[in-house]
Amino acid sequence: MKANSIFVASDNEEIAVTTYTPDAGSIVGTIIYAHGFKGFKDWGFVPHIGEYLSKRGFVTVTFNFSHNGIGPNPLEFTEEDKFSRNTFSREIRELSEIIAACGQGEFGASGDIGVLGHSRGGGIALLTAVNEPTVKAVVTWSAVSTFNRYSDQMKRAWREKGYFEVANKRTGQIMRLNTTLLDDIEAHGNSTLSIEKAVTGLKKPLLIIHGGEDEAVPFADAERLRNWADDSLTEFLCVEKTGHTFGAVHPFTGSNEKLEATLSKTVEFFTKHI
């Protein structure tokens, strides 16, 4: 069963949520999905993830970060001003609030909680889960190992202009990031935004999955995460001959062998640990 709802965050921002609930049988647990940069809960493979996991007994909660740029139209970036003002710290807080809500049974959540994050959302998942005792296991797909991905020259130009431009190749939009994001990196990059510190301090089961030919987040990021993680609690999967989204596109045209292998391993891991 699929249901849409609105969650009001602590700062009164509205967060669109879609929950996928098992139709029958006992619930194994709850999985919260965190999307990546220029991602959203209705992008490409996300509904397929929700349906796949719910059919295997997991309440699956997908949502849009409030400043991801998606507004009333669930498939279009119409809130570019919000997108420009987003920060990593905001996303950590919002994910933390979604986790707390699930822990209280909102969205039909039940049982132990796991978090699944893709790309930037993988980094956000790690940074959040390390401080959330109700999260029992984490899975990352194509996750970044750092948010400080900009050269000094890029940062200087960013400061001089007051914004940094990023192209959305799918829509053709040129979207801006204000210096609020850069301020966040520089203020908290060695503390609350340090993915290295989060992974070394995680102390709970972690599965790292990465495409061997990822064109957006280099495979070296996955290797860094693995090197930082506790070997006794960590599993690692390289999905050979596939890229950042495991062969999936938007609009979604169906699954494929690589995506199904990724989902199968994810379910195996969560079933074992939550």
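Below: a short report on this structure. (Residues numbered from 1 in each chain as written. Predicted model: local features only at pLDDT ≥ 70, side-chain atom pairs only at ≥ 80, totals over all residues. Heavy atoms only, no water.)

**What about the packing of helix 3 (residues 88–103) against helix 4 (residues 120–129)?**
Packing of helix 3 against helix 4 leaves a shortest axis separation of 9 Å and a crossing angle of 65 degrees. As helix 3 packs across helix 4, the resulting crossing turns out to be right-handed. Along its contact with helix 3, which presents Phe88, Glu91, Ile92, Leu95, Ser96 and Ile99, the element helix 4 presents Arg120, Ile124, Ala125, Leu127 and Thr128. Looking at the contact of helix 3 with helix 4 residue by residue, the class counts come to 7 nonpolar, 2 polar and 2 charged. (Axes fitted to C-alpha atoms, helices over the stretch in contact; angles between N-to-C directions. Helix = DSSP H or I, 4+ residues; strand = E, 2+ residues; numbered from the N terminus. Left-handed = near helix turned anticlockwise from the far one by under 90°. Contact = heavy atoms within 4.5 Å. Nonpolar A, V, L, I, M, F, W, Y, C, P; charged D, E, K, R; others polar.)

**Side note on the packing of aromatic side chains**
In this structure the tally under the stated criterion is 15 aromatic pairs. Relative to phenylalanine 147, the ring of phenylalanine 88 has its centre 4.1 Å away and its plane inclined at 5 degrees; by these criteria the two rings are stacked. Of this pair, phenylalanine 88 sits in helix 3 while phenylalanine 147 sits in the loop between strand 6 (135–141) and helix 5 (152–161), placing them 59 residues apart in sequence. Overall, phenylalanine 88 belongs to the buried group, its relative accessible area being 3%. An aromatic cluster is defined as three or more aromatic residues linked by ring pairs; in this entry it consists of Phe37, Phe40, Phe77 and Phe83. Just above the ring of tyrosine 52 sits the side chain of arginine 56; from NZ or CZ to the centre is 3.5 Å. One residue, arginine 226, lies across the ring of phenylalanine 236, its end atom 4.0 Å from the ring centre. (Phe/Tyr/Trp six-rings, centres within 6.5 Å; stacked < 30°, edge-to-face > 60°. Buried < 20%, exposed > 50% of the residue type's maximum accessible area, 1.4 Å probe, protein only. Lys NZ or Arg CZ within 6 Å of the ring centre and 35° of its normal.)

**Comments concerning the environment of aspartate 214**
With respect to the helices and strands, aspartate 214 occurs in the loop between strand 9 (206–211) and helix 8 (219–228). Sequence spacing of aspartate 214 and arginine 149 is 65 residues, and the spatial spacing of their C-alpha atoms is 16 Å. Leaving out residues up to four positions away in the same chain, aspartate 214 has contacts with Ser142, Thr242, Gly243 and His244. Polar contacts involving the side chain of aspartate 214 include one to the side chain of histidine 210, which spans 3.2 Å. Side-chain polar atoms of aspartate 214 contact the backbone nitrogen of valine 217, separated by 2.8 Å. (Polar contact = N/O pair within 3.5 Å; in protein donor to acceptor, adjacent residues only side chain to side chain.)

**What to know about helix 1 (residues 46–55)**
Among the 10 residues in helix 1, 8 count as buried, and that is most of the element. Buried within helix 1 we find Val46, Pro47, His48, Ile49, Gly50, Tyr52, Leu53 and Ser54. Downstream of helix 1 by a residue or two, glycine 57 has a phi angle that is positive, lying close to 100 degrees.

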